[in-house]
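Chain residues, written in single-letter form:
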Protein chains: 6
Amino acid sequence: MATVPLLSDEALSPRAKAVFDAIRAARGTDYVNNFWRALAHDVDALEETWGRLSVLMGPGALDPLVKEMIYVAVSTANGCSYCVHSHTAAAKAKGMSAEMHAELVRVIGAAMMTNGMVTALQVPVDEVFDV
Amino acid sequence: MATVPLLSDEALSPRAKAVFDAIRAARGTDYVNNFWRALAHDVDALEETWGRLSVLMGPGALDPLVKEMIYVAVSTANGCSYCVHSHTAAAKAKGMSAEMHAELVRVIGAAMMTNGMVTALQVPVDEVFDV
Amino acid sequence: MATVPLLSDEALSPRAKAVFDAIRAARGTDYVNNFWRALAHDVDALEETWGRLSVLMGPGALDPLVKEMIYVAVSTANGCSYCVHSHTAAAKAKGMSAEMHAELVRVIGAAMMTNGMVTALQVPVDEVFDV
Amino acid sequence: MATVPLLSDEALSPRAKAVFDAIRAARGTDYVNNFWRALAHDVDALEETWGRLSVLMGPGALDPLVKEMIYVAVSTANGCSYCVHSHTAAAKAKGMSAEMHAELVRVIGAAMMTNGMVTALQVPVDEVFDV
Amino acid sequence: MATVPLLSDEALSPRAKAVFDAIRAARGTDYVNNFWRALAHDVDALEETWGRLSVLMGPGALDPLVKEMIYVAVSTANGCSYCVHSHTAAAKAKGMSAEMHAELVRVIGAAMMTNGMVTALQVPVDEVFDV
Amino acid sequence: MATVPLLSDEALSPRAKAVFDAIRAARGTDYVNNFWRALAHDVDALEETWGRLSVLMGPGALDPLVKEMIYVAVSTANGCSYCVHSHTAAAKAKGMSAEMHAELVRVIGAAMMTNGMVTALQVPVDEVFDV
């Protein structure tokens, strides 16, 4: 259960409906996932978030699939179950194979492990890392 | 300052020295960074960690540069300053341009943002994400 | 499911029952939520936690509603679903409107975003912030 | 040290300079803090972040001081030292007294404490929290 | 639901089956929990993770029960529900009494509390802590 | 630098001085570390925190050394550098050997690793973990 009701299509304001139309067009599917239905109560945030993410997660200096995997990595470290699910699904839709997924999980695990060891050891930053 | 002394080359055990030699050979530089000098007190952990990371972070189902950026993403979410510095440096050494770095920072920021919004809203996982 | 059984009213020790009576009196409702039922196994912790929170979250230098929103913010960043739910409910009970809730979610999202960007960039603290 | 050089005024692009001018005008001071100097390499992110934050952190459904304290709370839970410093300074500038600061610290501490206890106990969410 | 299917015994590769046999023999039970069934898709990670954990969590410089409690503490701070459940169960199986569990929860809570207060106050590290 | 001034002995209120006297007596040293000097501005919090921690971290169902190591584990996962330093020093003072410290670091690292893998895989909790 959410801390706000999820909005059905019938309950959307005209501005929210326009964002949902844009989501459907961009993804080529009628399905709009729960994040947007929870956010639709705050149409300014809905417009801004979709506007920002739809550009950022498209082609750029990094490949869209790479960006989805980075998203999964951050979401995992933050313990956001919903975000892990939605961005793992998005990564698969953009071509992440089972082998790539397995390696992503291993890299996340290794990073978590050395993050913990480094922090427990309080290793000082090397001067050579200075830009 | 660290919670253990950083070991100089002179203080290394023979097994630790062998790992340092492997690090130097793999990287083509005499410089060995502080993480390994802190870990060198525990030669089992030193061997195991270098053995695992040197394979995992090399070529595989994912590009080595992509894996460094995933490492930076996890390290950022965990707030590990040392790890952010060392893996950002590694990513640059593997070809991360300023544009790629800027986009990495933006994706991390966006993921953190929606992680927070999703968790505050407690959005339930969509059935369609089920594998 | 919890890692300890939730205690029903019948299973409470006399000291635990006294705390539950205080919770019911303070809140004007017979309902006692699961956190206290899980904590009731450790009556010292139950007394101490209720004693501390009931004073701290009441009137003080900060408004009680503001304190509930700060609680939601911390709970969100820590990924504690139960805590997000219980303190969002408490904030609503203390007068948080839908507009205030939406703005709270946006501020949490923005803070998470810049936390990530600042940490990825490892921005050094400005001297002017020194007190 | 940062993972990118901090840009001096002389090194700013015209678009970045315009954002710095806006920051100076809004705050009534010539000082521009390090976050913006690190972000100035990515002028799109600089414009977007300043544009968003300057509106969000101003008057709205919540008081600007309350929003700064929420920002401190999130930044603390995420362990972002820079962010704790900069937003504590901003909160003081907006009127946070020593008593309010002390209470903020206590509420953050209490929230962290019960977040940990609830997560260790894995307390299930009460049905009554459903909206 | 998981982001990969959980593998039944029938679906295991020979190498994965060998690890499951080792898990069953070490624990003296036919039950293999879901973590290993999710990890079994990546037999290298399965072998490596079981090999590492089965040694590390056994007798050593620290008592196995103490190590399970440390595991619960880390898992709680990271908000990993599954890990809290599985390692609390393991700690109980290794002799953690209800009184020890209650004290573990209190220590975790206290550590979270002072972590938050220290970070909000940005307390500088004392010179005397230098090793 | 801290977000509040650190109080010298001369600046303490009588109630704060009484707590400092208790800290000195309990530890058998004149040195009082920075956490207490930062907290001394809020004498209620100072009394309450010292009162709680001095009892909790003493003998109980768990050994005081074990409790310090649990404290280090939580502080590491939360990225609190000060807390890692102060509680590692406390653990050493209570008898943590170099071998125990090394094993603590390895267990923290392993827990972080599997926390990340479990969260990335979104492994569902086994029914058998139900108490």
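Residues numbered from 1 in each chain as written. Chains lettered and ligands numbered in written order. Predicted model: local features only at pLDDT ≥ 70, side-chain atom pairs only at ≥ 80, totals over all residues.

1. Side note on the relation of the copies chain B and chain D
Alright, step 1. Each copy of the sequence occupies a distinct position, and chain B is placed on chain D by a rotation of 120° and an axial shift of 0.0 Å, giving an RMSD of 0.0 Å. Taken together, the rotation and translation describe the operation of a three-fold axis. Looking at the rotation axis and the C-alpha trace of chain B, the residue lying nearest is Gly79 of chain B, at 3.5 Å. (Least-squares fit on C-alpha atoms with pLDDT ≥ 70 in both.)

2. Focus on the interface of chain C and chain D
Alright, step 1. Contacts between the two partners involve 57 residues from chain C and, on the opposite side, 58 residues from chain D.
Alright, step 2. With 16 residues, helix 6 (residues 98-121) of chain C is the single largest residue contributor to the side of chain C that touches chain D.
Alright, step 3. Taken together, the residues that form the side of chain C that touches chain D break down as 37 nonpolar, 14 polar and six charged. (Contact = placed C-beta atoms within 7 Å. Helix = DSSP H or I, 4+ residues; strand = E, 2+ residues; numbered from the N terminus. Nonpolar A, V, L, I, M, F, W, Y, C, P; charged D, E, K, R; others polar.)

3. Quick word on the interface of chain B and chain D
Alright, step 1. Tallying the contact residues gives seven residues for chain B and seven residues for chain D.
Alright, step 2. Mapped by element, the contributors of at least two residues to the side of chain B that touches chain D are helix 5 (81-93) and helix 6 (98-121) of chain B.

4. Points about the relation of the copies chain C and chain D
Alright, step 1. Structural alignment of chain C on chain D gives an RMSD of 0.0 Å, achieved by rotating through 180° and translating 0.0 Å along the axis. What the rotation and shift describe, once combined, is the action of a two-fold rotation axis.

5. Structural notes on the environment of Asp130 of chain D
Alright, step 1. Along the chain, Asp130 of chain D falls in the segment after helix 6 (98-121).
Alright, step 2. For Asp130 of chain D, a count of 12 C-beta atoms within 10 Å gives the class exposed. (Buried ≥ 20, exposed ≤ 12 C-beta atoms within 10 Å, placed from the backbone.)

6. A short note on the domain arrangement of chain A
Alright, step 1. The assigned domain composition of chain A is domain 1 (11-56) and domain 2 (62-122).
Alright, step 2. In this structure, domain 1 of chain A and domain 2 of chain A have C-alpha centres spaced 25 Å apart. (Domains from an automatic or database assignment.)

7. Some points on helix 6 (residues 98-121) of chain E
Residue and element names in this part refer to chain E.
Alright, step 1. Compared with the 34 Å implied by 1.5 Å per residue over 24 residues, the 35 Å span of helix 6 between its first and last C-alpha is a close match.
Alright, step 2. Counting buried residues along helix 6, 21 of its 24 residues qualify, which places the element largely inside the surrounding structure.
Alright, step 3. Looking one or two places after helix 6, you find Gln122, whose phi comes out positive at around 50°. (Expected span 1.5 Å × (residues − 1).)

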